[in-house]
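# Chain and residue survey
Letter by letter, the chains look like this.
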Amino acid sequence: LIRLIINYGDAKIKISEKEKISVSEFIISELDSDSIRFSITLFNNILEEVKNHLDSENPFSKDYFLNHTEQTVRSLTEQIIGEQHFLGNWKNKDIIVLEEKDILLEVTRESILRFKLHRVQEMVKDALLKLKNDSHDNEENLNQFTRLNQLEKKIQKELGRLF
């Protein structure tokens, strides 16, 4: 998600017939709607900075992050930008290869769902440990475990991993 924000944060994606928002706004709204945070402080700091900057007239770009005041942000950005792959000249061979920027909405949605799935799976593990360690028959812990399992299955289904 941070990679998408750094590479395409100011790019507009069409989420409905009448509404276009930036990749950053979409990611932030999805994470905020479920009150989800990153487990890595640097990522949370970047997300907060982007969130505070959304109302600004100046859009974010890779250059903003490459010239950031914090060395850790600059290093992360260099690493992220350096990971991009070149697809070659497939058009000369009449082969159409979709690039990430061409399917940005789908890539962003799937990345958000995978991130949420990972967080829910962590919560399922914690709830299971609570159930195992609780010597009393705690119905609240059992209900939480069940709700988290159902949520995990729902996300898996949205990702096309369950039918």
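Scroll up a little and you will see the structure.
Residues numbered from 1 in each chain as written. Predicted model: local features only at pLDDT ≥ 70, side-chain atom pairs only at ≥ 80, totals over all residues. Heavy atoms only, no water.

## Observations concerning the packing of aromatic side chains
All told, the structure shown has three aromatic pairs when counted by the stated rule. With centroids separated by 5.7 Å and ring planes inclined at 85°, the aromatic side chains of phenylalanine 38 and phenylalanine 43 adopt a geometry described as edge-to-face. Phenylalanine 43 sits in the partly exposed class, given a relative accessible area of 21%. (Phe/Tyr/Trp six-rings, centres within 6.5 Å; stacked < 30°, edge-to-face > 60°. Buried < 20%, exposed > 50% of the residue type's maximum accessible area, 1.4 Å probe, protein only.)

## Details of the packing of helix H6 (residues 104-133) against helix H7 (residues 139-158)
Direction vectors running N to C along H6 and H7 enclose 155°, while the axes themselves pass 9 Å from each other. In terms of orientation, H6 lies roughly antiparallel with respect to H7. Relative to H7, the crossing made by H6 is left-handed. On H7, the residues touching Leu113, Lys116, Leu117, Val120, Gln121, Met123, Val124, Ala127, Leu128, Lys130 and Leu131 of H6 are Asn141, Leu142, Gln144, Phe145, Leu148, Asn149, Leu151, Glu152, Ile155, Gln156 and Glu158. (Axes fitted to C-alpha atoms, helices over the stretch in contact; angles between N-to-C directions. Helix = DSSP H or I, 4+ residues; strand = E, 2+ residues; numbered from the N terminus. Parallel < 35°, antiparallel > 145°, perpendicular 65-115°, else oblique. Left-handed = near helix turned anticlockwise from the far one by under 90°. Contact = heavy atoms within 4.5 Å.)

## With respect to unusual backbone geometry
Notably, serine 35 is not glycine yet its phi reads approximately 55°, a positive angle. Relative to the elements of secondary structure, serine 35 occurs in the loop between helix H2 (23-33) and helix H3 (41-53).

## Things to note about the pattern of salt bridges
Pairing between side chains of opposite charge can happen when the charged atoms of each approach one another. One pass over the full model with this rule turns up eight salt bridges. The partner of glutamate 30 in a salt bridge is lysine 116, with the nearest N and O atoms 3.0 Å apart. Here glutamate 30, found in helix H2, pairs with lysine 116, found in helix H6; they are 86 residues apart in sequence, far enough to count as distant. In this structure glutamate 30 comes out as partly exposed when scored by relative accessible area, which is 25%. Across the pair lysine 51 and aspartate 32 runs a salt bridge, and its minimum N-O distance is 3.1 Å. Taken together, the residues lysine 51 in helix H3 and aspartate 32 in helix H2 connect sequence positions 19 residues apart. (Salt bridge = Lys/Arg side-chain N within 4 Å of Asp/Glu carboxyl O.)

## Some points on the nonpolar core
Grouped together as the largest cluster of nonpolar side chains are 28 residues, with contacts concentrated most on Leu1, Ile2, Leu4, Ile27, Leu31 and Phe65. Only helix H1 (2-8), H2, H3, helix H5 (71-82) and H6 provide two or more residues apiece to this core. Residues contacting isoleucine 2, with those up to four places away along its chain left out, are Phe38, Phe43, Ile46, Leu76 and Ile80. Judged by nonpolar contacts, the second largest core, of nine residues, contains Leu113, Val124, Phe145 and Ile155. (Core = buried A, V, L, I, M, F, W, Y, C linked by side-chain atoms within 4.5 Å.)

## Digging into the environment of lysine 116
Classification of lysine 116 by relative accessible area gives buried; the value is 10%. Put simply, lysine 116 and leucine 31 are 85 residues apart on the chain and 8.4 Å apart in space, counted from C-alpha to C-alpha. Beyond its immediate sequence surroundings of up to four residues, lysine 116 is in contact with Glu30, Ser33, Asp34, Ile36 and Ile155. One polar contact links lysine 116 to aspartate 34, side chain to side chain, over a distance of 2.6 Å. (Polar contact = N/O pair within 3.5 Å; in protein donor to acceptor, adjacent residues only side chain to side chain.)

## A closer look at the packing of H3 against H5
The N-to-C vectors of H3 and H5 enclose an angle of 95°; their axes lie 11 Å apart at closest approach. One finds that H3 runs roughly perpendicular with respect to H5. Between H3 and H5, the residues in contact are Leu42, Phe43 and Ile46 and Thr72, Val73 and Leu76, respectively. Taken together, the residues of the contact of H3 with H5 sort by class into five nonpolar, one polar and no charged. (Nonpolar A, V, L, I, M, F, W, Y, C, P; charged D, E, K, R; others polar.)

## Some words on H2
Among all positions of H2, only Val23, Ser24, Phe26, Ile27, Ile28 and Leu31 are buried. Against H1, strand E1 (12-14), strand E2 (20-22), H3 and H6 lie the buried residues of H2. Serine 35, located one to two residues past H2, shows a positive phi value of around 55°.

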